[in-house]
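Here is how the chains run, residue by residue.
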Amino acid sequence: QVHLVESGGGLVQAGGSLRVSCVASGRTISRSSMGWFRQAPGKARELVAVISGGGATTYTAQSVKGRSTISRDNAKNTVSLQMNSLEPEDTDVYYCAAEPMDVEGITRADYWGQGTQVTVSS
């Protein structure tokens, strides 16, 4: 199995930037699609972005388009999400996931991280 651990969350002011990262252990994730979900209390989990094993971005949520970039380093078994122009609405727990998918609003993945908190102040 794969163990995913996120880092890089924190408190930032609106308009600022933050980079959350995820490191995988157990086996290589180079052949797996990877992605980021986010969720706030009382809200549905949202798929933010997905990157293929080869490094192509295959999905970006409309809510973060133009402000966020997903990337990966297969040699280091990591995936990151760079977020710019952050808004209070971006305040969520961000989860790293292997083989993520959103099937008609139902979020699924083969493996999940425990999440990292991102808080954006006004």
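Coordinates for the structure precede this section.
Residues numbered from 1 in each chain as written. Predicted model: local features only at pLDDT ≥ 70, side-chain atom pairs only at ≥ 80, totals over all residues. Heavy atoms only, no water.

Caption draft 1: Region of interest: the overall build of the chain. Tallying secondary structure elements over the chain gives zero helices and 13 strands in all. Tracing the chain from N to C terminus, the helices and strands come up as β-β-β-β-β-β-β-β-β-β-β-β-β. The C-alpha radius of gyration computed for the chain amounts to 13 Å, which stays within 12% of the reference 14 Å derived for 122 residues, consistent with globular compactness. In terms of its C-alpha atoms, the chain occupies a principal-axis envelope of roughly 40 × 30 × 25 Å. Across the 122 residues that make up the chain, the buried fraction comes to 41%. Counting contacts in the chain only where the partners sit at least 6 residues apart, residues at least 24 apart contribute 57% of the total. When the accessible surface of the chain is summed, it comes to about 6400 Å², and 47% of that surface belongs to carbon and sulfur atoms. The average position of the 11 basic charges and that of the 11 acidic charges among the side chains of the chain differ by 5 Å. (Helix = DSSP H or I, 4+ residues; strand = E, 2+ residues; numbered from the N terminus. Rg over C-alpha atoms; globule rule 2.2 N^0.38 Å. Buried < 20%, exposed > 50% of the residue type's maximum accessible area, 1.4 Å probe, protein only. Contact = heavy atoms within 4.5 Å. Areas by Shrake-Rupley, 256 points an atom, 1.4 Å probe, with all protein chains shown as cover. Lys, Arg positive; Asp, Glu negative; His and termini not counted. Charge placed at Lys NZ, Arg CZ, Asp CG, Glu CD.)

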